[in-house]
Amino acid sequence: MKKILAIISFILGLLVGTFALGPFTYSYMAKQKALKKKALEPSQVVAKLRESADLVTTEVTVRKLGLYDSKESEQVLLNNPSSWKLGDRFCVIPVEVNLKYGFNMLSLSPKDIKISLDNKEIEVSLPPPELIDHDYGLNLSTKAMCYNSLLSSKVGHELKEKVRFAAYEAVLKENILGEVGGEVRRNAQLFFESLLKSLGYEKVIVVVRQ
Amino acid sequence: MKNMYIYLAIFLGVFLGSCGPSLPDDALILENTMTRIEAVRPRGELYVLSALLEDFDSEILEGTFANHYAVQVVKARCSYLLDLEKVSYKPEISAAGPIIKVTMPAPKVYCSTQKTPFYSDDEAFWAGQRSSAANDKIKGFVASRIRQTFDSAENRQKAREYGQKVIAKTLELLGIKAEFAE
């Protein structure tokens, strides 16, 4: 009788263990395995970050108005003082400049990566963002506007193109990054934080150097 | 002695149960996938398609001896914002393994006016012609046009595509394929 009870107890215990507690243990172990980090060398982390460099680029469109006024010695005027008064032959010519900002990941080195001894924390110091590509085109949504009095001649196509190109060059000289740099940095931090967490790090700090 | 059998049996049972493959469970795989996504998904707000835009409105008034003309310029900064906290991830099991159905919120457009320079042939003349309320109305009209031209269907699509690219790449790092709901 005792033997039968012992066998029944054993079978019951086996069933409870297998079907009631086993799946929970499996689930726990699977989660731990999923979150388990692989110990990477800083140089391997650098390689991983470089692979995704194209995803941390930020495109910025700048529509600049090139201003021309014949009163100002036939010069292309872009930075006009508030006292400037329009002459009898002037143009407002828009140009659309496409800028792409990103990070020169080739300048990222293993010394920019700090990993804690227990491999749980990582800090990455990214180089400052920079302009990596730019071009300009005609703007279709805003039309150019030119005015000339009866006594003055019309502004020709060649001059309009000159104004447009001057506006493009002026944009390249402007500190656009000063205006959109925050977004460029935040987008890079957001993506690289996810990337590094996928490598198993629990605490990730991404710093963008100024 | 009897208790020892029970403990032994439970231990053995837990061991067998935790071996997993003997108990294939889709729900468990999906739960595991969601745990991994929650750990690494991009968080916060993503600004895309930033733009610094200038537009203008001009006016020419015919005078007795000469015409008067003025140009009102408005410079605004516009961008789309994707709230990544509102992205929903729904795991499904396919023949090729787990896939994630991702639903993104519509990108929100933000525009703010930065500068409003005014150019004219004669400031005193134009000051007499227009009240400050009329000036504000023109500035508002130009600012509104900037927003309208920026917030085009094409730009919205571009903003969505950029967001999708970032999310898809993040999930790809986990070996998970993302499918985006329209």
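Residues numbered from 1 in each chain as written. Chains lettered and ligands numbered in written order. Predicted model: local features only at pLDDT ≥ 70, side-chain atom pairs only at ≥ 80, totals over all residues. Heavy atoms only, no water.

### Things to note about the confidence of the model for chain A
Reasoning step 1: With 75% of its residues at a pLDDT of 70 or more, chain A has an overall mean of 81.
Reasoning step 2: Under a pLDDT of 50 for its full length, residues 78-83 of chain A has, in the predicted model, 9 contacts with residues more than four places off or in other chains. (pLDDT = per-residue confidence, 0-100. Contact = heavy atoms within 4.5 Å.)

### Some details on the sheet that holds strand β3 (residues 88-94) of chain B
Residues and elements named next belong to chain B.
Reasoning step 1: Pairing in this open sheet of 3 strands is mixed, and the strands run β3-β4-β7 from one edge to the other. Strands with a single pairing partner mark the edges of an open sheet, and in this sheet they are β3 and β7 (177-180). Sheet twist, expressed as the average angle between the axes of neighbouring strands with direction ignored, equals 30°.
Reasoning step 2: Both β3 and strand β4 (residues 97-103) contribute to a ladder of 7 bridges, which runs antiparallel. Each residue of the ladder has a partner; that of serine 94, found in β4, is glycine 97.
Reasoning step 3: Of the strands in this sheet, β3, β4 and β7 touch helix α5 (residues 153-173), which is tilted by about 150° from β7. (Pairing = 2+ DSSP bridges. Helix = DSSP H or I, 4+ residues; strand = E, 2+ residues; numbered from the N terminus. Axes fitted to C-alpha atoms, helices over the stretch in contact; angles between N-to-C directions.)

### Some words on the side chain of threonine 57 of chain A
Reasoning step 1: Inspection of the secondary structure assignment puts threonine 57 of chain A in the loop between α2 (42-51) and β1 (58-69).
Reasoning step 2: A polar contact is formed between the side chain of threonine 57 of chain A and the backbone oxygen of aspartate 54 of chain A, at a distance of 3.1 Å.
Reasoning step 3: Not counting the four nearest positions on each side in its chain, threonine 57 of chain A is found in contact with Lys100, Tyr101, Gly102 and Ile132 of chain A together with Tyr162 of chain B. (Polar contact = N/O pair within 3.5 Å; in protein donor to acceptor, adjacent residues only side chain to side chain.)

### As for the pairing of strand β7 (residues 145-148) of chain A
All names here are of chain A.
Reasoning step 1: Only one face of β7 is covered, namely the one carrying Met145 and Tyr147; the face carrying Cys146 and Asn148 has none of its residues buried.
Reasoning step 2: Note: strand β3 (residues 89-102) against β7, 4 bridges, orientation antiparallel. By the bridge assignment for β7, cysteine 91 is matched with cysteine 146. (Buried < 20%, exposed > 50% of the residue type's maximum accessible area, 1.4 Å probe, protein only.)

### Remarks on empty space enclosed by the protein
Reasoning step 1: A complete count under the given rule lists 1 cavity of 30 Å³ or more for this structure.
Reasoning step 2: Taken together, Val62, Arg63, Lys64, Val171, Glu174, Ile176 and Glu179 of chain A together with Leu52, Glu54 and Lys75 of chain B make up the lining of the largest cavity.
Reasoning step 3: Of all the secondary-structure elements, those providing two or more residues to the lining of the largest cavity are β1 and α4 (176-198) of chain A together with β1 (45-61) of chain B.
Reasoning step 4: Looking at the lining of the largest cavity element by element, the count peaks at 3 residues for β1 of chain A.
Reasoning step 5: Along the lines of polarity and charge, the residues of the lining of the largest cavity split into 4 nonpolar, no polar and 6 charged. (1 Å grid on protein atoms, 1.4 Å probe; cavity = no way out; pocket = protein on both sides within 12 Å on 5 of 7 lines; lining within 4 Å. Points joined across faces, edges and corners; volume = space filled by probe spheres on them. Nonpolar A, V, L, I, M, F, W, Y, C, P; charged D, E, K, R; others polar.)

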